[in-house]
Amino acid sequence: MRNKTRTFSASFKAKVVVEAIKEQSTMQELASKYNLDGKQISKWKAEFLSNASSVFEKENEKKELEENSDTLHKTIDELKVENDFLKKVLGK
């Protein structure tokens, strides 16, 4: 019989990691509480800590992406108008 791979939501992982960071419970207690392997919790914790600074960088990146998206949408709209015009002029 094959074991089914479990997947966990980002909010669940964050909840477990925050408890691990607080260190109010041992890793074994957390693993038992959430029916996980202690190594998995350690891996999530390390990944969380290595990417923690990106939380504060996201705002600026999000604004830049929105600005780029707006520019691209305007360009696409202009190209659609040009394309429609050329189709009419060339009779296609």
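In what follows, the accompanying structure is described.

## Focus: the packing of helix α1 (residues 10-22) against helix α3 (residues 38-50)
Argument step 1. The N-to-C vectors of α1 and α3 enclose an angle of 90 degrees; their axes lie 9 Å apart at closest approach. The angle between α1 and α3 places the two elements in the roughly perpendicular class. Mapping the contact onto sequence places Phe 12, Lys 13, Val 16, Val 17, Ala 20 and Ile 21 in α1 and Ile 41, Trp 44, Lys 45, Phe 48 and Leu 49 in α3.
Argument step 2. Of the residues belonging to the contact of α1 with α3, the class tally is nine nonpolar, no polar and two charged.

## Describing α1
Argument step 1. Compared with the 18 Å implied by 1.5 Å per residue over 13 residues, the 18 Å span of α1 between its first and last C-alpha is a close match.
Argument step 2. Of the positions making up α1, those classed as buried are Val 16, Val 17 and Ala 20. The arc that holds the buried residues of α1, viewed along the axis, is 100 degrees, so those residues lie on one side. Among the exposed residues of α1, those pointing more than 90 degrees away from its buried face are Ser 11 and Lys 22.

## Points about the pattern of salt bridges
Argument step 1. Evaluation of the coordinates by the stated rule reveals one salt bridge.
Argument step 2. Of the charged contacts, one joins Glu 19 and Lys 33 as a salt bridge, the two residues approaching to 3.3 Å between their closest N and O atoms. Separated by 14 residues along the polypeptide, Glu 19 in helix α1 and Lys 33 in helix α2 (residues 27-34) bring together distant segments of the chain.
Argument step 3. The exposure class of Lys 33 is exposed, given its relative accessible area of 55%.

## What about the packing of aromatic side chains?
Argument step 1. Scanning the model with the defined rule gives four aromatic pairs in all.
Argument step 2. On the numbers, 5.2 Å between centres and 20 degrees between planes, the contact of Phe 8 with Phe 12 is stacked.
Argument step 3. Residue class for Phe 8 comes out partly exposed when judged on its relative accessible area of 26%.
Argument step 4. Residue Phe 12 is classed as partly exposed on the basis of its relative accessible area, which comes to 21%.
Argument step 5. On the numbers, 5.6 Å between centres and 85 degrees between planes, the contact of Phe 12 with Tyr 34 is edge-to-face.

## Structural notes on the side chain of Lys 45
Argument step 1. Relative to the elements of secondary structure, Lys 45 occurs in helix α3.
Argument step 2. Buried charge without a partner: Lys 45 forms no salt bridge, and the closest opposite charge is Glu 23, 4.0 Å away.

Rules of the game
- Along every chain, residues carry numbers that run from 1 in the direction the sequence is written.
- Selection of residues for local features in this predicted model requires a pLDDT of at least 70, selection of side-chain atom pairs for listing and counting requires 80 or more, and totals for whole chains, interfaces and linings are taken over all residues.
- Only hydrogens and water are removed before side-chain values are computed, so all heavy atoms of the structure are retained for them.
- Each axis is a line fitted through C-alpha atoms, and for a helix only the stretch in contact is used; angles between axes span 0 to 180 degrees, taken between their N-to-C directions.
- Every helix listed is a DSSP run of H or I at least four residues long, and every strand listed is a run of E at least two residues long, numbered separately from the N terminus.
- With respect to orientation, any angle under 35 degrees is reported as roughly parallel, any angle over 145 as roughly antiparallel, any angle of 65 to 115 as roughly perpendicular, and every other angle as oblique.
- What makes two residues a contact is simply this: any of their non-hydrogen atoms within 4.5 Å.
- Amino acids outside the nonpolar list (Ala, Val, Leu, Ile, Met, Phe, Trp, Tyr, Cys, Pro) and the charged list (Asp, Glu, Lys, Arg) are all regarded as polar, and Gly is one of them.
- What a helix is expected to span follows from its residue count: subtract one and scale by 1.5 Å.
- Any residue under 20% of the maximum accessible area for its type is buried, any over 50% is exposed, and the rest in between are partly exposed; the area is computed with a 1.4 Å probe on protein chains only.
- Each direction from the helix axis to a C-beta atom contributes to the arc, which is the arc of those directions.
- Any carboxyl oxygen of Asp or Glu that lies within 4 Å of a side-chain nitrogen of Lys or Arg is treated as forming a salt bridge with it.
- Between rings of Phe, Tyr and Trp, where Trp is taken as its six-membered ring, a pair exists when centres lie within 6.5 Å; planes separated by under 30 degrees are stacked, by over 60 edge-to-face, and by other angles tilted.
- Note on charges: Lys and Arg go in the positive column, Asp and Glu in the negative column, and His and the chain ends are not counted at all.

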